[in-house]
Amino acid sequence: MSELKYVTQDTFDADVIHSVEPVLVDVTAVWCAPCRMLEPIVKEVAETWQDKMKVVKLDADQNPALMMQYGILGIPTLMFFKDGKLQERLTGFQSKEKLVAKISPHL
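No experiment lies behind these values; they were computed from the predicted model shown. (Residues numbered from 1 in each chain as written. Predicted model: local features only at pLDDT ≥ 70, side-chain atom pairs only at ≥ 80, totals over all residues. Heavy atoms only, no water.)

A look at the packing of aromatic side chains
Using the criterion set out here, one finds three aromatic pairs in the structure. An angle of 50 degrees between the planes, with centres 5.6 Å apart, marks the rings of Phe 12 and Tyr 70 as tilted. Highlighted residues: Phe 12 in helix α1 (residues 12-17) and Tyr 70 in the loop between α3 (64-69) and β4 (77-82), separated in sequence by 58 residues. Across the pair, exposure class does not vary: Phe 12 and Tyr 70 are buried alike. Ring geometry for Tyr 70 versus Phe 81: centroids 5.6 Å apart, planes at 85 degrees, classification edge-to-face. Note that Tyr 70 is positioned in the loop between α3 and β4 and Phe 81 in strand β4, a separation of eleven residues in sequence. (Phe/Tyr/Trp six-rings, centres within 6.5 Å; stacked < 30°, edge-to-face > 60°. Helix = DSSP H or I, 4+ residues; strand = E, 2+ residues; numbered from the N terminus. Buried < 20%, exposed > 50% of the residue type's maximum accessible area, 1.4 Å probe, protein only.)

Right under this line is the structure:
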C-alpha cells in the first residue's frame, strides 16, 4: 500500500479545490492517536476507489491557515471535496462503513 500525498497551504488549491476528480482530505497530525487508528481505513478507501477519487493528507500542525479557513477544531477530520466544494465533513474516528456511506453518494 503506497503512502498518501501530503498537501499544504501552498498546494491545497491546485491539489484539492481545482482537482478534476473528487478529493478526500485526511486532516491529521503525527501525535494524534485516533488519526493513526484511522489511517489504515483511509488507505483502504484510497486503494479501493483510486479510479474514482484521490485521497490526500493535510498536517494540522503545519497548516494553521487551512485549519482556520475550514474551522477545524478537532482531528482527525475528513473533508470530501467535489468540483472544488466541500461536500462532506467527518470529525473523529470513523468506521469504514460510515466513511463509505458518506462519500459514496457523491461518486
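Thoughts on helix α2 (residues 33-48)
Its 16 residues place the ends of α2 24 Å apart at the C-alpha level, agreeing with the 22 Å of an ideal helix rising 1.5 Å per residue. Roughly 35 degrees is the biggest bend found in α2, and it falls at Glu 39, with proline Pro 40 one to four residues downstream. Cys 35, Leu 38, Ile 41, Val 42, Lys 43, Val 45 and Ala 46 are the residues of α2 that are buried. For α2, the elements touching its buried residues are β2 (23-28), β3 (54-59), β4 and α4 (96-103). (Expected span 1.5 Å × (residues − 1). Bend = angle between axes of the 7 residues up to and from the residue. Contact = heavy atoms within 4.5 Å.)

Thoughts on the pattern of salt bridges
Think of it this way: side chains of opposite charge can pair up when their charged atoms draw near. Here the structure, examined in full by the defined rule, presents seven salt bridges. Taking the shortest distance from any N to any O, the salt bridge between Asp 26 and Lys 57 comes out at 3.9 Å. Highlighted residues: Asp 26 in strand β2 and Lys 57 in strand β3, separated in sequence by 31 residues. Note on accessibility: Asp 26 and Lys 57 belong to one class, buried. Here Lys 96 ties to Glu 44 by a salt bridge, and the two come within 2.6 Å at their closest N and O atoms. You can see Lys 96 sitting in helix α4 and its partner Glu 44 sitting in helix α2, a full 52 residues away along the chain. The class of Lys 96 is partly exposed, set by a relative accessible area of 27%. A single salt-bridge network, built from bridges that share partners, covers Glu 3, Asp 26, Glu 39, Lys 43 and Lys 57. (Salt bridge = Lys/Arg side-chain N within 4 Å of Asp/Glu carboxyl O.)

Quick notes on the side chain of Thr 77
Tracing the backbone through its elements, the reader meets Thr 77 in strand β4. A distance of 3.4 Å separates a polar atom in the side chain of Thr 77 from a polar atom in the side chain of Thr 91. Excluding residues within four positions of it along the chain, Thr 77 makes contact with Val 25, Asp 26, Val 27, Ile 72, Arg 89, Leu 90 and Thr 91. (Polar contact = N/O pair within 3.5 Å; in protein donor to acceptor, adjacent residues only side chain to side chain.)

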